[in-house]
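Understanding the architecture of this molecule
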Amino acid sequence: MTALSSSNIHVLGLSRTSFKAMCISLLCHIKQKMLVVKRKCGFRMSLKTIGQRSGMTSIQYDYSVVVTCMCIKTFFVWILIFTDLQRVIVVCVLTLVPVTATSAPLGSGEKPRWVNPCGLPDHLLDPDSDFQNLPPFSLKELVSKVVEVTESTKNHAESVENEFRMKVFKDSAFNVDYMRQEWLPVIPPISKDHFKSVNVREAYRKTFQYLQYYAVGVDEMKMDQVLHPESGQFLDHFQEVENRIREVLCEFQLGMYTLNIRQNPDVMKNVMSTEYRDIPEESKRNLRDYLILRDYLKCITYTWELFSYLVKKS
């Protein structure tokens, strides 16, 4: 394989850093496609095995079974390649209908990962019949699943926020409460008086939308770790934060499907303007990233507290 020279890259209209970012984006895209194949494809036994290994919740697993049946209805071709007695590679050749929306390579029209986070088909051929065999879930069970997944996500967010503060600012007491990213939503106060005024449908809609905003911010934080390798020590951390946000969003999406809740319009990348993206100074990027991490922690804590309250109420 011949390496690309600077002139080759220049012909593509890309700088070296942009080309590197594009390559990493493509690799992440391929990795996500492979994960989707593992999690979403196969027959019920395969789904169960994959679901157990990937930490899929019972609700996500049951939806995966339904999605698999729908995929079969929409012209999937299955190719099973047995590599040895312990491994099976499942290759899905997609025809006519895309099965999921994952992180998009540069220049493509795919939706970002926080839009349709579960990778459900863009349109349901027959929702009434496709979902009629789905096991019934009580409201309390659905809300409890949100509490479960947000609690582990909250603990992880606390760990990342603390590590970022200590390594970047060298100060455990670092405090900039007077500053915030103006494009991010203001998270309501954590109080029983507020929780009493929020019903389940509103809780699903609003918290789903709040988290999509933070997914936009973390996506930019992750890209800047690639574009500025001198400050790229948190790339893996931010990738894990993004994965966990998507996991929570998927739980919300499945809950809204089950409860027949129409979500608010998806939050897209343009909510974060160039002013907050193109920041050449490392110190200012670090401050921006910390503000996003700090308020993301507030958001996921609010979500956990709110749904914990709704569990007791239901």
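A quick note: this is a predicted structure, and the numbers were derived from the prediction, not measured.

Let us look at the overall build of the protein chain. In terms of helices and strands, the protein chain carries 11 helices and two strands. Its helices and strands taken in sequence order, the protein chain reads α-α-α-α-β-β-α-α-α-α-α-α-α from the N to the C terminus. Taken over 314 residues, the protein chain has a buried fraction of 46%. When contacts within the protein chain are restricted to residue pairs at least 6 apart in sequence, those whose partners lie at least 24 apart make up 76%. With the model as given, the accessible surface of the protein chain reaches about 16,800 Å², and the carbon-plus-sulfur share is 57%.

Another point: the packing of helix α8 (residues 200-227) against helix α11 (residues 282-313). The geometry of a pair of packed helices is captured by two quantities: the angle between their axes and the separation between those axes. Relative to each other, α8 and α11 sit at 155 degrees, their axes nearing to 10 Å. Classed by the angle they form, the pair α8 and α11 counts as roughly antiparallel. The crossing of α8 and α11 is left-handed.

Let's shift gears to the confidence of the model for the protein chain. On average, residues of the protein chain carry a pLDDT of 74, and 61% of them reach 70 or more. When the criterion is pLDDT under 50, residues 35-54 qualifies, and its contacts beyond four places in sequence or with other chains add up to 32 contacts. With pLDDT under 50 throughout, residues 65-108 is counted as low confidence; its partners more than four residues away or in other chains account for 90 contacts.

The full count for this structure, using the stated rule, is 17 salt bridges. In this structure, the salt-bridge partner of Asp295 is Arg294, at a minimum N-O distance of 2.9 Å. When salt bridges that share partners are traced, they join Asp177, Arg294, Asp295 and Lys298 into one network.

Here we come to the state of the cysteines. As used in these notes, a disulfide is a covalent bond between sulfur atoms, one from each of two cysteines. A full pass over the atoms with the stated rule returns one disulfide. A sulfur-sulfur distance of 2.1 Å marks the disulfide that ties Cys118 to Cys250. In this structure, the disulfide formed by Cys118 and Cys250 twists by about 115 degrees around the S-S bond and is classed as right-handed. Placement of Cys118 in the loop between β2 (88-93) and α5 (127-130) and of Cys250 in helix α9 (residues 235-259) is noted, with a sequence separation of 132 residues between them.

Quick look at the nonpolar core now. Judged by nonpolar contacts, the single largest core of 54 residues is most densely connected at Tyr204, Leu211, Phe252, Tyr296, Leu306, Phe307 and Leu310. Among the elements that make up this core, the one with the highest residue count is α11 (14 residues). In this structure, Phe307 is in contact with Val143, Val146, Val147, Ala203, Tyr204, Thr207 and Phe252, ignoring residues within four places of it in sequence.

About the cut-offs
Residues numbered from 1 in each chain as written. Predicted model: local features only at pLDDT ≥ 70, side-chain atom pairs only at ≥ 80, totals over all residues. Heavy atoms only, no water. Helix = DSSP H or I, 4+ residues; strand = E, 2+ residues; numbered from the N terminus. Buried < 20%, exposed > 50% of the residue type's maximum accessible area, 1.4 Å probe, protein only. Contact = heavy atoms within 4.5 Å. Areas by Shrake-Rupley, 256 points an atom, 1.4 Å probe, with all protein chains shown as cover. Axes fitted to C-alpha atoms, helices over the stretch in contact; angles between N-to-C directions. Parallel < 35°, antiparallel > 145°, perpendicular 65-115°, else oblique. Left-handed = near helix turned anticlockwise from the far one by under 90°. pLDDT = per-residue confidence, 0-100. Salt bridge = Lys/Arg side-chain N within 4 Å of Asp/Glu carboxyl O. Disulfide = S-S within 2.5 Å. Core = buried A, V, L, I, M, F, W, Y, C linked by side-chain atoms within 4.5 Å.

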